[in-house]
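Each chain is listed here by its residues.
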Amino acid sequence: MSTPQAIESLLTETRVFEPSQAFRARSKTVHCPDMATYRALYQRSMQDPAGFWAEMASHYSWSKPWSKVLEWECPDAKWFVGATTNISVNCIDRQIDAGLGDQVAIIWEGEPSTNDAGGHEVRRLTYADLKREVCTFANGLKSLGVKRGDVVTLYMGMVPELAIAMLACARIGAAHSVIFGGFAASAIVDRVQDANSSVIVTCDGAWRRGQVVPLKANVDEAVSRLTGVRHVVCLHRCGNDIKWNGGRDICWHDLVKGQSHECAPEAMDSEDLLFLLYTSGSTGKPKGIRHTIGGYMVFTATTARYTFNLVPGENQVFFCTADIGWVTGHSYVVYGILPNRVPTVMYEGAPNFPKEDRFWEMVERHKITHFYTAPTAIRAFMKWGDEHPKKHDLSSLIVLGTVGEPINPEAWIWYHEKIGSSHCPIVDTMWQTETGGHIITPLPGCTPTVPGSCTLPFFGIDAAIVNEQGEELPPNQGGLLVIRKPWPAMLRGIHGDRARYIETYWSKVPGMYVAGDGARRDERGYFWIMGRIDDVINVSGHRLGTMEVESALVSHDAVVEAAVVGMPHEIKGTGIAAFVTLAPTHQGVTGDALRKALCEHVTKEIGAIARPDMIRFTGALPKTRSGKIMRRLLRDIAAGKESSQDTTTLEDFSLLAKLRETDE
Ligand code: WTA
């Protein structure tokens, strides 16, 4: 499998998969059973967004109704204006009030095998358990002085306490900022500082492929460089040695000891901040995407319900493999799933631990009905071999999902045949941290699918392909993916940087939200995402700014200048290629030792996801006469392509030939 070929086949893919009879036979309720219903609902959502979303919102509990569904003054949206609610109530109490308190809300599974027979540590939390845990921790946070409007930073592994901490923050009106546990200390420093967070919740460590990731040590290092952190709450999970700072550190268990099991939910304004989630953009600094309560709650629960056809009482079990450190985990492990009364599976560790069949073994053991993962994972499963899924009974599966990057048809077909027994619908869900939930996606049992296409917009999403003047382009012409109307879970800004919010999303085509992706629409109206149009690369479905990696590289003594671009990668989709020029002191000492040192440096500065796949040393970087690095050229070189780019503005032609050599 080579990615350029995969891209080629993506452009010519024509196979159409109609909704399977097997799916229809197994699902008693199909929320959107056919294309006529989809079209009618979509049209209604376009013509009367207020009426449509009021109806969707009426499925949830509000402590005070809205006076107006939407107030829109581009680029500022307010949804469910004047209403109050609490998302933790909609995730938990509403189910208890409906008499479902003893039903399972979260099925958590730890990574390590607990005995030689391969037994696993599993915790099942009912809605009643979840309420007790959330309330006691919420009271614990209050005892530390956390109050409505504060931002609490969560840097934890995939343990149930992470979901509990998020919901506890929501319960008392504090916002959370979850930092992915794979990020290094510097990433924590930037995010805690930007969010002005004075309480951090962490774990001693996190299990990953049998090893312990030292989360608490990373927090210690970060806090030593910060001034405003008052408390670090630490959950003991792995039992690894940690340093303890008496006045500042508190053990999770001590914090909740003796706390009341009840904590009255704060009545929050629909537009109060629910969370910040940092994501990469085209400049060095990650941006804190702001999501508010009401619209996000309604949109994530509604998309989850329709996109996965969630139906309570049908023994469904939903498993999204994403880490909660990313938006997919926020929306489709926690907030979008719990209100739908279907158990959500949280898995702590790696997909290939102890063996490559871990997920399939889990599907069989927990009778998972919905499996949602990323194309990069599917490509890894393919590489590991068909024997792993074959060993297990996957007949519980009903719907399969993908997210994070375009899926190459080869991986789609493999997923369809080997995991979905050729009858589970695949929902290729296109969305972003900024959109809060799915914006373009098939609906199972309804939308005919074509491998590689995320198909049609979700209700309320006025997606289009336009040129820079905002004119809609004819079928199959590539252009900018935009959204022309506000939707409930749209971001409400970049924390502390209004100018960047406007500049990034609203200035390229005035009046429209520009997603940052290039895309086209085919004759049937289906969307095909072509990839980012900015300096963001999508590595294994995770967004990274090339500038972030460049800044990490130049912070190493040996490096003077660095340019980072994406390159095709068999498993990751996009890998990281770095071109670096060296300081005089290091010239002549290039080679694998320095490459390794630079890779380790980047891992230390950002985290393992940013580790370059290729580093090429060069005497100079190709630049235009005005001094801009010619990234397109570097992309071609990294992909091993002869450049078709116009190089007439290139300052030094001889450089090109030199950069193409695999090594100096
Ligand atoms: C890409 C992840 C094609 C896209 C939820 C987007 C996709 C970026 C798909 C957002 C998909 C996500 N098909 N591309 N189904 N899903 N993308 O913020 O480039 O981590 O802009 O959100 O991932 O990444 P983010």
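Residues numbered from 1 in each chain as written. Predicted model: local features only at pLDDT ≥ 70, side-chain atom pairs only at ≥ 80, totals over all residues. Heavy atoms only, no water.

**As for the overall build of the protein chain**
Counting its regular elements, the protein chain contains 21 helices and 29 strands. Taken over C-alpha atoms, the radius of gyration comes to 24 Å for the protein chain, in line with the 26 Å a tight globule of 664 residues would show. Counting over 664 residues, the protein chain shows a buried share of 62%. Here the contacts in the protein chain between residues at least 6 apart in sequence split such that 71% fall between residues at least 24 apart. Of the accessible surface of the protein chain, which amounts to about 24600 Å², a share of 50% is contributed by carbon and sulfur atoms. Across the protein chain, the mean location of the 68 positive side-chain charges is 2 Å away from that of the 76 negative side-chain charges. (Helix = DSSP H or I, 4+ residues; strand = E, 2+ residues; numbered from the N terminus. Rg over C-alpha atoms; globule rule 2.2 N^0.38 Å. Buried < 20%, exposed > 50% of the residue type's maximum accessible area, 1.4 Å probe, protein only. Contact = heavy atoms within 4.5 Å. Areas by Shrake-Rupley, 256 points an atom, 1.4 Å probe, with all protein chains shown as cover. Lys, Arg positive; Asp, Glu negative; His and termini not counted. Charge placed at Lys NZ, Arg CZ, Asp CG, Glu CD.)

**Regarding the site of the ligand**
The full set close to the ligand counts 17 residues, and Asp428, Thr429, Thr433, Asp517 and Arg532 are the nearest of them. One nitrogen or oxygen atom from the main chain of glutamate 405 is found 3.4 Å from a nitrogen atom belonging to the ligand. Between aspartate 428 and the ligand, the recorded distance is 2.7 Å, taken from a side-chain N or O atom to a nitrogen atom. When contributions to the shell around the ligand are tallied by element, the ones reaching two or more residues are helix H12 (327-335), strand S20 (426-429) and strand S24 (527-532). Across the shell around the ligand, the residue classes break down as six nonpolar, six polar and five charged. (Near = heavy atom within 4 Å. Polar contact = N/O pair within 3.5 Å; in protein donor to acceptor, adjacent residues only side chain to side chain. Nonpolar A, V, L, I, M, F, W, Y, C, P; charged D, E, K, R; others polar.)

**Things to note about the side chain of asparagine 139**
Relative to the elements of secondary structure, asparagine 139 occurs in helix H6 (residues 127-143). Not counting residues up to four positions away in its chain, the partners in contact with asparagine 139 are Gln259, Ser260, Glu262 and Cys263.

**Let's talk about the packing of aromatic side chains**
A full pass over the atoms with the stated rule returns 42 aromatic pairs. Aromatic rings pair up to connect Tyr38, Tyr42, Phe52, Trp53, Phe299, Tyr306, Phe458 and Phe459 into one cluster. The ring of phenylalanine 183 has arginine 191 lying over it, and the distance from NZ or CZ to the ring centre is 4.6 Å. Taking NZ or CZ as reference, arginine 524 lies 4.8 Å from the ring centre of tyrosine 526, over its face. (Phe/Tyr/Trp six-rings, centres within 6.5 Å; stacked < 30°, edge-to-face > 60°. Lys NZ or Arg CZ within 6 Å of the ring centre and 35° of its normal.)

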